[in-house]
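Each chain, written out:
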Amino acid sequence: MTDLPILEQRRIEATVIKPIYEEMVAELGTERAQQILGAAIRKAAIAQGAALAGESEGGLRGFISLFERWKAGDALEVEVLHESDQRFDFNITRCRYAEMYRQMGLGEIGHLLSCGRDGAFCDGYDPKIRLERTQTIMGGASHCDFRYTVTPDT
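Procedures and definitions
- Along each chain, the written sequence defines residue order, and numbers are assigned to residues from 1.
- For this predicted model, a pLDDT threshold of at least 70 governs which residues receive local features, and a threshold of 80 or more governs which side-chain atom pairs are given and counted, while totals over whole chains, interfaces and linings are taken from all residues.
- Values reported for side chains reflect all heavy atoms of the structure, with hydrogen atoms and water molecules removed beforehand.
- Take a side-chain nitrogen of Lys or Arg and a carboxyl oxygen of Asp or Glu: if they are within 4 Å of each other, that pair is a salt bridge.
- To qualify as a helix, a DSSP run of H or I must reach at least 4 residues; to qualify as a strand, a run of E must reach at least 2; elements of each kind are numbered from the N terminus.
- Residues enter a patch when their relative accessible area is above 30% and they make no salt bridge; the linking distance is 9 Å between like charges and 5 Å between nonpolar side chains (Val, Leu, Ile, Met, Phe, Trp, Tyr).
- Per-residue and other accessible areas follow the Shrake-Rupley method at a 1.4 Å probe size, with only the shown protein chains counted as cover for residues.
- Of the two site types, the cavity is a set of points on a 1 Å grid over the protein atoms alone where a 1.4 Å probe fits but cannot get out, and the pocket is an open set with protein on both sides within 12 Å along at least five of seven lines, each lined by residues with an atom within 4 Å of a point.
- Grid points are joined across faces, edges and corners, and a volume is the space filled by probe spheres set on the points.
- Residue classes follow a fixed rule: Ala, Val, Leu, Ile, Met, Phe, Trp, Tyr, Cys and Pro count as nonpolar, while Asp, Glu, Lys and Arg count as charged, and any other residue, Gly among them, counts as polar.

Overview of the pattern of salt bridges
Moving on, step 1. Under the defined criterion, the tally for this structure stands at 13 salt bridges.
Moving on, step 2. For the salt bridge of R61 with E83, the shortest nitrogen-to-oxygen distance reads 2.9 Å. Taken as a pair, R61 in helix α3 (residues 59–71) and E83 in strand β1 (residues 76–83) lie far apart in primary sequence, 22 residues in all.
Moving on, step 3. Of the charged contacts, one joins R94 and E99 as a salt bridge, the two residues approaching to 2.8 Å between their closest N and O atoms.

Here's what the structure looks like:
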């Protein structure tokens, strides 16, 4: 893992993705280009989750400690509502990722480049961790509502 803040990593990735996405839109149309991009980003998020699983203590506590990486450099303003071994609830009240994508002219795919990674990351990190989110700043809401829970063993 690099010491580069994740916000800066996403900026670099978006700079590379932008012309590729624009070409895909020209060739395939917006809907198909977004489907392909979304699938690729999802696979990358799962792989990143799996890679980082070995770097943490595991479980939701390990996941929470990793969350600090996404906040680095004041990238997110977070209001934690509940934190335990089984549940992590918080709201994002400012998202510099969303701001950055809009400034880069990528607001229409910012949800694919960042928001879409969140649940997929859990699939790679620990499939027992589930995300429920009903709104995002990227989607126009006042805040993002993250609700992570650990599913019981079956």
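As for a nonpolar patch on the surface
Moving on, step 1. A surface patch of nonpolar side chains, amounting to about 340 Å² of accessible area, comprises L4, I12, V16 and I20.
Moving on, step 2. Within the secondary structure, V16 is located in helix α1 (residues 6–28).

Observations regarding empty space enclosed by the protein
Moving on, step 1. Inspection of the entire model under this criterion finds 1 cavity of 30 Å³ or more.
Moving on, step 2. Quantified by volume, the largest cavity comes out at close to 380 Å³.
Moving on, step 3. Lining the largest cavity are 21 residues, and of these W70, L76, S114, D118 and F146 sit closest to its centre.
Moving on, step 4. For the lining of the largest cavity, the secondary-structure elements that each account for two or more residues are α3, β2 (87–95), α4 (96–103), α5 (110–115), α6 (117–125) and β4 (144–150).
Moving on, step 5. Its residues assigned to classes, the lining of the largest cavity comprises 16 nonpolar, 2 polar and 3 charged.

Note that all results are geometric; they support no functional claim without further evidence.
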